[in-house]
Amino acid sequence: MTTCTPAQGNATGTFHIASSLAAALDALNDYGPEGAAFAGGTWIMRAPIRHQPLKGCYVAIGKIPELTEIRIGPDAIEIGAAVTHAALASALADLPEFAVLTAAAGRSANPAVRAMATIGGNLATSDFSAADCVPALLCLDAQIEVSSRSGHERMSLEAFLTQRSALAPGRLLTKIVVPRSRHKTAHARLTLRKAGDYPVAIVSLSLDVDATNHVRAARIAIGSVETVARRWERLETALLDRLLDPSRAADMAADLADEFAGRDSVEAPPWYRVSVLPGLVRRATATALGA
Ligand SMILES: Cc1cc2nc3c(=O)[nH]c(=O)nc-3n(C[C@H](O)[C@H](O)[C@H](O)COP(=O)(O)OP(=O)(O)OC[C@H]3O[C@@H](n4cnc5c(N)ncnc54)[C@H](O)[C@@H]3O)c2cc1C
């Protein structure tokens, strides 16, 4: 039994470095609601800036071998939850079908943060609307593995997003499984300044395009515009069976963008986040086409 000594602001709280997945799950289970995973720490370290309390007990998961592995198989890739953004971008750099994820992981934040921030932390942080890997993995139809002492559970990323804020104590996101395809993919993000900013809006897309550049299937996800990233199914349908043309795609996006209610924040007003979507769609489709 691992005991937790909750403390105000974690000044004297517990920090448990887990050497195996079983040890991490045991510690999280024992700590209950007082405990949480500590992955890269890049979100947790800014809790005081957000006026959020720290947990009394953290379980560091960054040294657990199976959580830091990337397996590239013939049908799918499996990414351990504690893989950093930098390691992920480097591992996928030669796989064009994952260009969207390589760009999401390889261009977020800045090099120092990318060396620490993990993909699991990016997906599990329920109040982080601007996470780059969430829309990228939505458009890639990713599955999420959640583990606890009683076993593993597989679910779609969409399902995980609906339940992550209420993830029971003792449960850990352990793996992301992404199917392989021949799709053309791209990630377009807008920041107000060049480096370090959270993106105002993100368009991630995965398109199955035939030899004549007609769209046979489309998955498009929008991040940072609303509180939680989601697919843009009306735009996906509008693109089907049409010749993929970045300007036409941007025009369709402009016609359909009124379904988004932008979120308000100090960085940008709601209308602005929505108004930049057509331009990002144009940029993402052009990138996917290699134009
Ligand atoms: C200045 C700055 C700019 C940034 N800009 C961007 C950006 O533009 N785009 C972007 O995507 N990211 C950005 N980030 C990084 C962002 O903080 C991380 O991507 C991510 O959200 C947190 O990952 P982490 O591994 O550091 O998580 P942590 O800080 O360790 O944890 C965050 C939360 O997730 C929980 N958690 C972590 N791992 C798991 C798990 N495996 N299972 C269950 N719960 C878990 C923790 O308990 C905690 O509640 C930025 C960070 C900084 C400091």
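All residue numbers here refer to positions counted from 1 along the written sequence of the relevant chain. Totals for whole chains, interfaces and linings use all residues, but because this is a predicted model, local features are given only for residues with pLDDT of at least 70 and pairs of side-chain atoms are given and counted only at 80 or more. The basis for the side-chain values is all heavy atoms of the structure; hydrogens and waters are excluded.

## Remarks on the site of the ligand
The following threshold applies: Only a single heavy atom is needed: when it lies within 4 Å of a molecule or strand, its residue is near that molecule or strand. In the analysis that follows, any N or O atom pair within 3.5 Å is treated as a polar contact, provided that within protein one partner can donate a hydrogen and the other can accept it, and provided that, for residues neighboring in sequence, both atoms belong to side chains. Each accessible area value is a Shrake-Rupley result obtained with a 1.4 Å probe; residue values ignore everything except the protein chains displayed when judging cover. Labels follow the DSSP assignment, with helices taken as runs of H or I lasting at least four residues and strands as runs of E lasting at least two, numbered in each case from the N terminus. Gly counts as polar in this scheme, as do all residues outside two lists: the nonpolar Ala, Val, Leu, Ile, Met, Phe, Trp, Tyr, Cys and Pro, and the charged Asp, Glu, Lys and Arg.
Taken together, 34 residues surround the ligand, and among them Ala37, Thr42, Thr118, Asn122 and Asp132 come closest. The contact in question runs from an oxygen atom of the ligand to an N or O atom on the side chain of threonine 42, over 2.6 Å. In the complex, 92% of the free accessible area of the ligand, which totals 980 Å², lies under the protein chains. Those elements that provide at least two residues to the shell around the ligand are strand 2 (35–38), helix 5 (119–124) and strand 8 (172–179). Here the shell around the ligand is built from residues that sort into 20 nonpolar, 10 polar and 4 charged.

## Considerations on the sheet that holds strand 10 (residues 201–209)
How we decide: Whether two strands pair comes down to DSSP finding at least two bridges between them. Throughout, a residue-residue contact means that at least one pair of heavy atoms, one from each residue, lies within 4.5 Å. Fitting a line to C-alpha atoms yields each axis, with helices limited to the stretch in contact; the angle taken between N-to-C directions then spans 0 to 180 degrees.
Pairing is antiparallel across the open sheet formed by 4 strands, whose spatial order is 9-10-11-12. Of all strands in the sheet, those bounded by a partner on one side alone are strand 9 (184–190) and strand 12 (230–231). One ladder, built from 2 bridges, connects strand 11 (residues 215–223) with strand 12; its direction is antiparallel. Bridge pairing links alanine 221 to arginine 231 in strand 12. On top of the sheet, helix 3 (residues 99–107) reaches strand 9 and strand 10; it is set at about 30° to strand 9, its chief contact. Where helix 11 (residues 277–289) meets the sheet, it contacts strand 9, strand 10 and strand 11, and its direction lies at approximately 145° from that of strand 9.

## A closer look at the domain arrangement of the protein chain
Threshold: Boundaries of every domain are those given by an automatic assignment or by a domain database. The quantity reported as buried area is the accessible area (1.4 Å probe) lost by two parts once they are put together, taken as the sum for both.
When its domains are assigned, the protein chain resolves into domain 1 (8–60), domain 2 (67–179) and domain 3 (184–289). Spacing between the C-alpha centres of domain 2 and domain 3 amounts to 20 Å. Across the contact, 25 residues belong to domain 2 and 23 residues belong to domain 3. Around 1700 Å² of area is buried between domain 2 and domain 3 when both sides are counted, 57% of it from carbon and sulfur atoms.

## So, empty space enclosed by the protein
What counts is decided by this rule: The method works on a 1 Å grid over the protein atoms by themselves. A cavity is a set of points holding a 1.4 Å probe that cannot get out, a pocket is an open set with protein on both sides within 12 Å along at least five of seven lines, and residues with an atom within 4 Å of a point line them. Grid points are joined across faces, edges and corners, and a volume is the space filled by probe spheres set on the points.
Evaluated as defined, the whole model comprises 1 cavity of 30 Å³ or more. Taken as a whole, the largest cavity encloses approximately 50 Å³ of empty space. Forming the walls of the largest cavity are Phe128, Ser129, Ala131, Val134, Pro135, Leu161, Arg164, Thr227, Val228 and Ala229. Partitioning the lining of the largest cavity into residue classes produces 7 nonpolar, 2 polar and 1 charged. Built from parts of two domains, the lining of the largest cavity gets at least three residues from each of domain 2 (67–179) and domain 3 (184–289).

## Overview of the sheet that holds strand 7 (residues 151–156)
Taken in spatial order, the 5 strands make up an open sheet running 4-5-8-6-7, and their pairing is antiparallel. Looking along the sheet, the strands with just one partner apiece sit at the ends: strand 4 (70–72) and strand 7. For this sheet, the mean inter-axis angle between neighbouring strands, taken without regard to orientation, is 20°. Of the pairings in the sheet, the one linking strand 6 (residues 143–148) to strand 8 comprises 5 bridges and is antiparallel in character. Looking across to strand 8, one finds that serine 147 is bridged to leucine 172.

## A short note on the pattern of salt bridges
To keep things clear, this is the line we draw: For this analysis, a salt bridge means a side-chain nitrogen from Lys or Arg found within 4 Å of a carboxyl oxygen belonging to Asp or Glu. Each residue's exposure class comes from its accessible area (1.4 Å probe, protein chains only) as a fraction of the maximum for that residue type: buried when under 20%, exposed when over 50%, partly exposed otherwise.
On inspection of all chains with the given rule, the structure shows 18 salt bridges. One salt bridge in this structure joins aspartate 141 and arginine 219, with 3.5 Å as the shortest N-O distance. Note that aspartate 141 is positioned in the loop between helix 6 (133–139) and strand 6 and arginine 219 in strand 11, a separation of 78 residues in sequence. Take aspartate 141: its relative accessible area is 34%, and that puts it in the partly exposed class. Through salt bridges with shared partners, a single network forms among Asp141, Glu158, Arg219, Arg231 and Glu236.

## Some remarks on the packing of aromatic side chains
Heads up, the condition is: Between rings of Phe, Tyr and Trp, where Trp is taken as its six-membered ring, a pair exists when centres lie within 6.5 Å; planes separated by under 30 degrees are stacked, by over 60 edge-to-face, and by other angles tilted.
By the definition in use, this model includes 6 aromatic pairs. With centroids separated by 5.0 Å and ring planes inclined at 80°, the aromatic side chains of phenylalanine 15 and phenylalanine 38 adopt a geometry described as edge-to-face. Of this pair, phenylalanine 15 sits in strand 1 (residues 14–17) while phenylalanine 38 sits in strand 2; the two residues are 23 residues apart in sequence, bridging distant segments of the chain. The class for phenylalanine 15 is partly exposed, based on a relative accessible area of 42%. Overall, the relative accessible area of 21% leaves phenylalanine 38 in the partly exposed class.

## Details of the packing of helix 9 (residues 246–256) against helix 11
Note the following rule: Angles below 35 degrees are treated as roughly parallel, those above 145 as roughly antiparallel, those between 65 and 115 as roughly perpendicular, and all remaining angles as oblique. Helix crossings get a hand from a simple test, with the near helix turned counterclockwise from the far one by less than a right angle marking a left-handed crossing and a clockwise turn marking a right-handed one.
Packing of helix 9 against helix 11 leaves a shortest axis separation of 8 Å and a crossing angle of 150°. With respect to helix 11, the element helix 9 is oriented roughly antiparallel. Considering how the two elements wind past one another, helix 9 and helix 11 form a crossing that is right-handed. Across the interface between the two elements, Pro246, Ser247, Ala249, Ala250, Ala253 and Ala254 from helix 9 touch Pro278, Val281, Arg282, Thr285, Ala286 and Leu289 from helix 11. Grouping the constituent residues of the contact of helix 9 with helix 11 by class yields 9 nonpolar, 2 polar and 1 charged.

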